[in-house]
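# Per-entry structural report
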Amino acid sequence: MKKLVLLFFIIFAATTASAYEENYWPRSYFVRAGMGITATTGDLNEKPVSIKDTSGNKFKTYPPDISLMGDPEFLLGVNIREFTLAIAFQYWKQQEELVKVSTEEDTRFWRLGFEFYYNFFWPDYFQIGLGAGFSYTSVKTENSAIHGEDLRDTEFMGSALGLFANVQYYFTNEIAIVPAIKFYENWFKNVYTKDSENRDLDPFLWQTFVSASISLQFQF
């Protein structure tokens, strides 16, 4: 995650430096907040995962069988002519049934990512943005690992590459409504429980996320 934040600031600084002449490279900043829904499928939905505790003994964790979830999203970014750079954050918590188990437990999902867009029809009041990005993802579920007679929380952690499309319709120079579709291909490469501590997953768990949302943007 530190590498992700560092990457954003390196690109931001380099782009801002190249755009020093304001008349040729006009800039604006924005905040965006919205709500949507995400559909997901992949390895997390299929079967329990065997891991080892710190003593080398195997036990199982049961991932959440997520199919649909809420998707509130917050973005902070900069527009430089027809280009957009942004940091995006998503967070959601809901009850989910565990894979192969009939019980439901609290599951928390969050994502922090860097996004880059090219905006067609800039600087019109109607623009279409196409972009890509990289993000860090965490899925944590309570009481989802069985270690002896104890139940433990499990957190899956990994990264994702994303492809994005949105429409920006400006009611004024400052306010826009932004419907968007985002596609993420996520690989979870680490798992954490109290008994195993942080463990590498081999093979990685692959999970696809597709989200549709609508946001309100304020530009300044």
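Residues numbered from 1 in each chain as written. Predicted model: local features only at pLDDT ≥ 70, side-chain atom pairs only at ≥ 80, totals over all residues. Heavy atoms only, no water.

## Digging into empty space enclosed by the protein
The condition that has to hold: Throughout, the protein atoms alone are placed on a 1 Å grid, and a set of points is a cavity if a 1.4 Å probe fits but cannot get out or a pocket if it is open with protein on both sides within 12 Å along at least five of seven lines; lining residues have an atom within 4 Å of a point. Grid points are joined across faces, edges and corners, and a volume is the space filled by probe spheres set on the points. In DSSP terms, a helix is any run of H or I states spanning at least four residues, a strand is any run of E spanning at least two, and both are numbered starting from the N terminus. Ten residue types, Ala, Val, Leu, Ile, Met, Phe, Trp, Tyr, Cys and Pro, are classed as nonpolar, four, Asp, Glu, Lys and Arg, as charged, and the remainder, Gly among them, as polar.
All chains considered together, the criterion is met by two cavities of 30 Å³ or more. What lines the largest cavity is a set of 13 residues, among which R111, G113, E115, S135 and Y184 lie closest to the centre. Residue assignment for the lining of the largest cavity shows that the elements contributing at least two residues are strand 6 (83-97), strand 7 (104-120) and strand 8 (126-147). For the lining of the largest cavity, the element with the highest residue contribution is strand 7, accounting for five residues. Residues belonging to the lining of the largest cavity are distributed by class as follows: six nonpolar, four polar and three charged. What the second largest cavity holds in volume is close to 30 Å³. If you trace the second largest cavity, you find it lined by R32, E73, L75, Y117, V178, A180, K182, S213 and S215. Looking at the lining of the second largest cavity, the elements with two or more residues in it are strand 5 (73-80), strand 10 (175-193) and strand 11 (197-219). The leading source of residues in the lining of the second largest cavity is strand 10, at three residues.

## Quick word on unusual backbone geometry
Trans peptide bonds make up most of the peptide bonds, and negative phi angles are found at most residues other than glycine. What counts here: Here's how the labels work: a residue is buried when its accessible area is under 20% of the maximum for its type, exposed when over 50%, partly exposed in between, all with a 1.4 Å probe on protein chains only.
In this structure, the amide linkage connecting W122 to the following residue, P123, adopts the cis form with an omega of 5°. Not every positive phi belongs to a glycine, and K100 is a case in point at roughly 65°. Here K100 shows up in the loop between strand 6 and strand 7. The residue F121 is not glycine, and still its phi comes out positive at about 70°. Its place among the elements puts F121 in the loop between strand 7 and strand 8. Overall, F121 belongs to the partly exposed group, its relative accessible area being 47%.

## Topic: the layout of surface pockets
Of the pockets and cavities examined, the largest pocket occupies roughly 330 Å³. Lining the largest pocket are 15 residues; nearest its centre among them are V49, S50, L201, D202 and P203. Elements represented by at least two residues in the lining of the largest pocket include exactly strand 2 (49-52) and strand 11. At seven residues, the largest contribution of residues to the lining of the largest pocket is made by strand 11. Its residues assigned to classes, the lining of the largest pocket comprises seven nonpolar, one polar and seven charged. In this structure, the second largest pocket spans a volume of roughly 240 Å³. As for the second largest pocket, its lining consists of 15 residues, of which S28, W122, P123, Q127 and Q219 are closest to the centre. Residues of the lining of the second largest pocket, tallied by class, amount to five nonpolar, seven polar and three charged.

## Comments concerning the nonpolar core
What counts, and what does not: What is meant by a nonpolar core is a set of buried Ala, Val, Leu, Ile, Met, Phe, Trp, Tyr and Cys residues, joined one to another through side-chain atoms within 4.5 Å. In what follows, residue pairs with any heavy atoms lying within 4.5 Å of each other are defined as contacts.
V49, F156, F188, L201, L205 and F209 are the most contacted members of the largest nonpolar core, which has 19 residues in total. Elements with a minimum of two residues in this core: strand 2, strand 7, strand 8, strand 9 (150-170), strand 10 and strand 11. Excluding residues that lie within four positions of it along the chain, F156 makes contacts with L44, V49, T61, P63, T137, S138, V139, F188, N190, V191, L201 and L205.

## With respect to the side chain of N186
The condition is simple: Polar contacts, as counted here, are pairs of nitrogen or oxygen atoms within 3.5 Å of one another; within protein the pair requires one atom able to donate a hydrogen and one able to accept it, and residues that are adjacent in sequence qualify only if both atoms are side-chain atoms.
Considering the arrangement of structural elements, one finds N186 in strand 10. Within the structure, the side chain of N186 is placed 2.9 Å from the backbone oxygen of S159, a separation counted as a polar contact. Setting aside chain neighbours within four positions, we find N186 in contact with R111, T137, G158, S159, A160, L205, W206, Q207 and F209.

## Focus on the packing of aromatic side chains
What counts is decided by this rule: Side-chain rings of Phe, Tyr and Trp (the six-membered ring for Trp) are treated as a pair once their centres are within 6.5 Å; stacked means planes under 30 degrees apart, edge-to-face means over 60, and tilted covers the remaining angles. Comment: the charge-over-ring label is applied if NZ (Lys) or CZ (Arg) is within 6 Å of the ring centre and within 35 degrees of the ring normal.
Summed over all chains, the structure comprises 13 aromatic pairs. Judged by centre distance (6.0 Å) and plane angle (25°), the ring pair of F83 and F116 falls under stacked. You can see F83 sitting in strand 6 and its partner F116 sitting in strand 7, a full 33 residues away along the chain. What makes F116 partly exposed here is its relative accessible area of 36%. Geometrically, the ring pair formed by W110 and Y136 is tilted, given 5.6 Å between the ring centres and 45° between the ring planes. Of this pair, W110 sits in strand 7 while Y136 sits in strand 8, and the two are 26 residues apart along the sequence. By way of ring pairs, the aromatic residues F83, F116, Y118 and F120 are connected into one cluster. When the ring centre of F209 is taken as reference, the NZ or CZ atom of R111 above it lies at 5.1 Å. Its end group placed over the ring of F164, K182 keeps NZ or CZ at 5.2 Å from the ring centre.

Note that all results are geometric; they support no functional claim without further evidence.
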